[in-house]
Amino acid sequence: MPDSIRRQIELFEAALELPPQRREAFLRAQCAGNARLLTVVWQMVCQAEATETPPRPSPPGGPLSGPSVDPSVVKSRVDEGGPA
């Protein structure tokens, strides 16, 4: 893997470990005037924030427990269009 990509990944992962309000300042400091690096990593961070992974299931009896729905039923309803 090229060093430039490795650096992008390192900065991306480090930024995601920080609270959202500290990420931009961190990246600006780490990129030290490298506008291209800052832009690429910032876009990666924004994309990750926009596509957050769904919450993990709760343990049995937790707030997300209950009857499950067969995914094929949901898909067929979505394919039909309109309100459920």
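Residues numbered from 1 in each chain as written. Predicted model: local features only at pLDDT ≥ 70, side-chain atom pairs only at ≥ 80, totals over all residues. Heavy atoms only, no water.

J.: Which parts of the structure should I look at to understand the packing of helix H1 (residues 3-17) against helix H3 (residues 35-50)?
T.: A pair of packed helices is captured by two measures, namely the crossing angle of their axes and the spacing between those axes. One way to put it is that H1 packs onto H3 with a least axis distance of 9 Å and a crossing angle of 45°. With respect to H3, the axis of H1 lies oblique. For the element pair H1 and H3, the recorded crossing hand is right-handed. Residues Arg 7, Gln 8, Leu 11, Phe 12, Ala 15 and Leu 16 of H1 touch H3, and the partners they reach there are Arg 36, Leu 37, Val 40, Val 41, Met 44, Val 45 and Ala 48. Along the lines of polarity and charge, the residues of the contact of H1 with H3 split into 10 nonpolar, one polar and two charged. (Axes fitted to C-alpha atoms, helices over the stretch in contact; angles between N-to-C directions. Helix = DSSP H or I, 4+ residues; strand = E, 2+ residues; numbered from the N terminus. Parallel < 35°, antiparallel > 145°, perpendicular 65-115°, else oblique. Left-handed = near helix turned anticlockwise from the far one by under 90°. Contact = heavy atoms within 4.5 Å. Nonpolar A, V, L, I, M, F, W, Y, C, P; charged D, E, K, R; others polar.)

J.: I keep staring at the environment of Phe 26 and nothing clicks. Help me out?
T.: Tracing the backbone through its elements, the reader meets Phe 26 in helix H2 (residues 20-31). Put simply, Phe 26 and Leu 11 are 15 residues apart on the chain and 9.0 Å apart in space, counted from C-alpha to C-alpha. When sequence neighbours within four positions are dropped, the list of residues in contact with Phe 26 reads Leu 11, Ala 14, Ala 15 and Leu 18.

J.: Any chance you could explain the nonpolar core here in plain terms?
T.: In a soluble, globular protein the nonpolar side chains are often hidden away together inside. In this structure, Leu 11, Phe 12, Ala 15, Leu 27, Cys 31, Leu 37, Leu 38, Val 41 and Val 45 together form the largest nonpolar core, which totals nine residues. Mapped onto this core, the elements with two or more residues apiece are H1, H2 and H3. Counting residues per element, this core draws most heavily on H3, at four residues. Apart from the residues lying within four places of it in its own chain, the contact partners of Ala 15 are Arg 23, Phe 26, Leu 27 and Val 45. (Core = buried A, V, L, I, M, F, W, Y, C linked by side-chain atoms within 4.5 Å. Buried < 20%, exposed > 50% of the residue type's maximum accessible area, 1.4 Å probe, protein only.)

J.: Would you explain the pattern of salt bridges in this entry?
T.: Two side chains with opposite charge may pair up if their charged atoms get near one another. By the definition in use, this model includes four salt bridges. The residue Asp 3 makes a salt bridge to Arg 6 at a minimum N-O spacing of 2.9 Å. With a gap of three residues between them, Asp 3 and Arg 6 both fall in helix H1, about one helical turn apart. Arg 28 is the partner of Glu 24 in a salt bridge, and the nearest nitrogen-oxygen pair spans 3.0 Å. Here Arg 28 and Glu 24 lie together in helix H2, a separation of four residues that amounts to about one turn. (Salt bridge = Lys/Arg side-chain N within 4 Å of Asp/Glu carboxyl O.)

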